[in-house]
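Read off the chains here:
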Amino acid sequence: YMPLLILILCLLVVEPPETIGQGLQWESLSLNHPHLLYSSQEIDVLRLRTQQNEEMKTLYGQILSRARRTSDDQRQRSSIAKSAAFTFTIGLSDDGSLLAEGELSSMSEKLNTYLHAIDPTVQPNTTQYQWRAIELMMFCEAYDMYHGYGAQPDTSIEHTLAEFAENTLRELRSPLQQYNN
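How each quantity is defined
Residues numbered from 1 in each chain as written. Predicted model: local features only at pLDDT ≥ 70, side-chain atom pairs only at ≥ 80, totals over all residues. Heavy atoms only, no water. Helix = DSSP H or I, 4+ residues; strand = E, 2+ residues; numbered from the N terminus. Buried < 20%, exposed > 50% of the residue type's maximum accessible area, 1.4 Å probe, protein only. Contact = heavy atoms within 4.5 Å. Areas by Shrake-Rupley, 256 points an atom, 1.4 Å probe, with all protein chains shown as cover. Phe/Tyr/Trp six-rings, centres within 6.5 Å; stacked < 30°, edge-to-face > 60°. Lys NZ or Arg CZ within 6 Å of the ring centre and 35° of its normal. Salt bridge = Lys/Arg side-chain N within 4 Å of Asp/Glu carboxyl O. Axes fitted to C-alpha atoms, helices over the stretch in contact; angles between N-to-C directions. Parallel < 35°, antiparallel > 145°, perpendicular 65-115°, else oblique. Left-handed = near helix turned anticlockwise from the far one by under 90°.

(A) Representation of the overall build of the protein within the structure. Looking only at helices and strands, the protein has 7 helices and 2 strands in total. Along the protein, helices (α) and strands (β) appear in the sequence α-β-β-α-α-α-α-α-α when read from the amino end. In the protein, buried positions account for 44% of the 181 residues. Relative to all contacts within the protein whose residues are 6 or more apart in sequence, the contacts with residues 24 or more apart total 69%. Surface accessibility of the protein: about 10400 Å² in total, with carbon and sulfur atoms responsible for 50%.

(B) Region of interest: the packing of aromatic side chains. Summed over the entire model, instances satisfying the criterion amount to 2 aromatic pairs. For arginine 75, the ring lying beneath its charged end belongs to tryptophan 131, and the centroid distance is 4.2 Å.

(C) How the structure looks around the pattern of salt bridges. All chains considered together, the criterion is met by 8 salt bridges. In this structure, arginine 47 and aspartate 44 form a salt bridge, with 2.8 Å as the shortest nitrogen-oxygen distance. With arginine 47 and aspartate 44 both in helix α2 (residues 43–52) and 3 residues apart, this pair spans about one turn of that helix. Counted as one network, the salt bridges with shared partners bring together Arg68, Asp94 and Glu103.

(D) Representation of the environment of alanine 117 within the structure. Position of alanine 117 among the secondary structure elements: in the loop between α5 (101–116) and α6 (126–148). With near-sequence residues (within four places) excluded, alanine 117 lies in contact with Gln74 and Arg77.

(E) How the structure looks around the packing of helix α3 (residues 54–67) against helix α4 (residues 74–90). Direction vectors running N to C along α3 and α4 enclose 120°, while the axes themselves pass 8 Å from each other. Taken together, the axes of α3 and α4 lie oblique to each other. The handedness of the crossing between α3 and α4 comes out as left-handed. Packed against α3, whose contacting residues are Tyr60, Ile63, Leu64, Arg66 and Ala67, the element α4 presents Ser79, Ile80, Ser83, Ala84, Phe86, Thr87 and Ile90 at the interface.

Here's what the structure looks like:
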């Protein structure tokens, strides 16, 4: 069920091409962003709770630390992108004050770079496509948060995410092959 949930979440984020999957017709979605993890009306409340609640401060510190990392590995990049998007949206530093404009700009640039570098291919290897489904979910959430904070819609990213979702769905629908040694 998890891969199907991931696919549905991703389809809510992107405006998929006219045809996807096996000839299905999709209506364009026009939803406000962000909408997967929280709504735009909840951002100020999240920011305030992050500044006031010790557990949330600790969790946010871990998210901020991850957001500041870099990686060439797509699985790690998906986690970094999601963390960077959340950090970019909340906009707080380690001490609870607002992030410096330079760090916000750097975070936005990294996020944009990672979202444009998504590899949408999914191999017919059970373990591989399950991990790829998790990457897809994180990249969709990152794009949703980033787009919701004011980044302009980017059809290139949306088409890549739609292709990624289509490839994941194709592998989910294909029969599993068993190898006997």
